[in-house]
Amino acid sequence: MNTLKWTYEVDGSDFTRAGEASSAVKKNLRKLGVPPEAIRKVSIALYEGEINMVIHANGGVITVEMTPEKIDMVLADTGKGIPDIEQAMKEGWSTAPDEVRSLGFGAGMGLPNMKKYSDEMKIDSTVGVGTTVYMTVYLQ
Amino acid sequence: MNVQDIMRVLDAELICGEDNLDVEVHNACGSDMMSDVLAYVKDQAVLLTGLVNIQVVRTADMMDMVCIVFVRGKEPDADMIALAERRGMVMLKTQHRMFTACGLLWENGLRGGGKANEHLKMDL
């Protein structure tokens, strides 16, 4: 099987559309017959990442690549960056504004959850330049 | 119990998903915080919430849930209903408050997940 690749622009101005890319990926993986547990891991990790992009970084680009062995996800934004990644990874730590919390997010579980549901995760971030999150879920 | 039983126990009104009322469910969770649903929920088929926005439906979809129950008489909007219908999800509305709704379902056999600290140790 060849490598399959999908790219999605995430609109950072509209919270109601956050999750559309993750939902489309989930649908594609289902059609391709990917095992349900892998679909679940990819969907949740990607959805959390997509929500983060909208809340914190005014959107960005999501790229998903699938091979027979694994699914690689890259979430790149040009937002304000994460000054202290170690602190941002702590459960319950959040910089989300109150209006985000009133929408049901911003509990400081996004990044820890992305780490939990992916098999590998790496964050590159530069303050004032942006953040790129790399996540992988293995299929075998 | 099935989704029809949830309707009966909670004296709930059906909003959408009438084709899936026979689906069997065993576990549920109640939360207004979607972050926590994504973090702690595993294999819960029913979401009880008082939060009303499209991300409630997306969260339930990502978690492969089959039914959303809006407590305190909360009403989803047309976009939420349309998305739930596309995903084959049932939406119900009850006038019960969250605590009472969860209690009634527990009393009738639905269960929740483990404790949060147990879940974090759990293999996915």
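Computed from a predicted structure; not experimentally measured. Each chain has its residues counted from 1, following the order in which its sequence is written. Chain labels run from A onward and ligand labels from 1 onward, assigned in the order the entries are written. The predicted origin of the model limits local features to residues at a pLDDT of at least 70 and limits the giving and counting of side-chain atom pairs to 80 or more, whereas totals for whole chains, interfaces and linings rest on all residues. Values shown for side chains rest on all heavy atoms present in the structure; no hydrogens or waters enter the calculation.

Caption draft 1: Structural context of the sheet that holds strand E3 (residues 70-77) of chain A. Residue and element names in this part refer to chain A. As summarised here, the arrangement of the five strands in space is E1-E2-E3-E5-E4, forming an open sheet in which the pairing is antiparallel. What marks the edges here is a single partner per strand, and that holds for strand E1 (4-11) and strand E4 (120-126). When the angles between neighbouring strand axes are averaged without regard to direction, this sheet yields 10 degrees. Pairing between strands requires that DSSP locate at least two bridges from one strand to the other. Put simply, DSSP H or I for four residues or longer makes a helix, DSSP E for two residues or longer makes a strand, and each gets a number counted from the N terminus. In this sheet, strand E5 (residues 130-138) lies alongside E4 in antiparallel orientation, the contact comprising seven bridges. Along E5, the bridge assignment pairs Lys122 with Tyr134. Should any heavy atoms of two residues lie within 4.5 Å, those residues are considered in contact. Only C-alpha atoms enter the line fits that serve as axes; for helices the fit covers just the stretch in contact. Angles between N-to-C directions range over 0 to 180 degrees. In the packing of helix H1 (residues 20-31) onto the sheet, contacts are made with E1, strand E2 (59-66) and E3, and the angle to E1 comes to roughly 160 degrees. Its contacts with the sheet place helix H5 (residues 110-117) against E4 and E5, and it is angled at close to 145 degrees to E4.

Caption draft 2: Representation of the pattern of salt bridges. Counted as salt bridges are all cases of a side-chain nitrogen of Lys or Arg within 4 Å of a carboxyl oxygen of Asp or Glu. Taken as a whole, this structure holds 16 salt bridges over all chains when the rule is applied. One salt bridge in this structure joins Asp64(B) and Arg30(A), with 3.1 Å as the shortest N-O distance. You can see Asp64(B) sitting in the loop between helix H3 (54-62) and strand E4 (67-70) and its partner Arg30(A) sitting in helix H1, one on each of two chains. Put simply, Lys26(A), Arg30(A), Asp61(B), Asp64(B) and Arg87(B) are held in one network by salt bridges that share partners.

Caption draft 3: Quick peek at the nonpolar core. What is meant by a nonpolar core is a set of buried Ala, Val, Leu, Ile, Met, Phe, Trp, Tyr and Cys residues, joined one to another through side-chain atoms within 4.5 Å. Whether a residue is buried, partly exposed or exposed follows from its accessible area with a 1.4 Å probe, protein chains only, as a fraction of its type maximum: under 20%, in between, or over 50%, in that order. Within the largest apolar cluster, 59 residues are counted, with the highest numbers of intra-cluster contacts made by Leu29(A), Ile62(A), Met73(A) and Phe105(A). Ranked by residue count, the leading element in this core is helix H2 (residues 36-57) of chain A, at eleven residues. Discounting chain neighbours no more than four positions away, the residues touching Leu29(A) are Trp6(A), Val34(A), Ile39(A), Val42(A), Met66(A) and Ile71(A). Ile6(B), Leu10(B), Ala12(B) and Val46(B) belong to the second largest nonpolar core, which has 22 residues in total.

Caption draft 4: Examining the environment of Phe15(A) more closely. In this structure, Phe15(A) sits in the loop between E1 and H1. With relative accessibility at 16%, the residue Phe15(A) sits in the buried group. Placed 94 residues apart in sequence, Phe15(A) and Met109(A) show a C-alpha to C-alpha distance of 18 Å. Each residue touching Phe15(A), except ones within four places of it in the same chain, is listed here: Ile51(A), Val54(A), Ile55(A), Leu103(A), Phe105(A) and Gln55(B).

Caption draft 5: Region of interest: the sheet that holds strand E3 (residues 46-49) of chain B. Residue and element names in this part refer to chain B. Across the sheet, which stays open at both edges, the five strands sit in the order E1-E5-E4-E3-E2 with mixed pairing between neighbours. Edge positions in the sheet fall to strand E1 (13-16) and strand E2 (28-30), since each has one partner strand and no second. The average angle at which neighbouring strand axes cross in this sheet is 20 degrees, direction not considered. Relative to E3, E2 is paired through three bridges, and the arrangement is parallel. Across the sheet, residue Cys29 finds its bridge partner in E3, namely Leu47. Across the sheet, helix H4 (residues 78-86) lies against E1, E4 and strand E5 (90-93), angled at about 80 degrees from E1, the strand it touches most.

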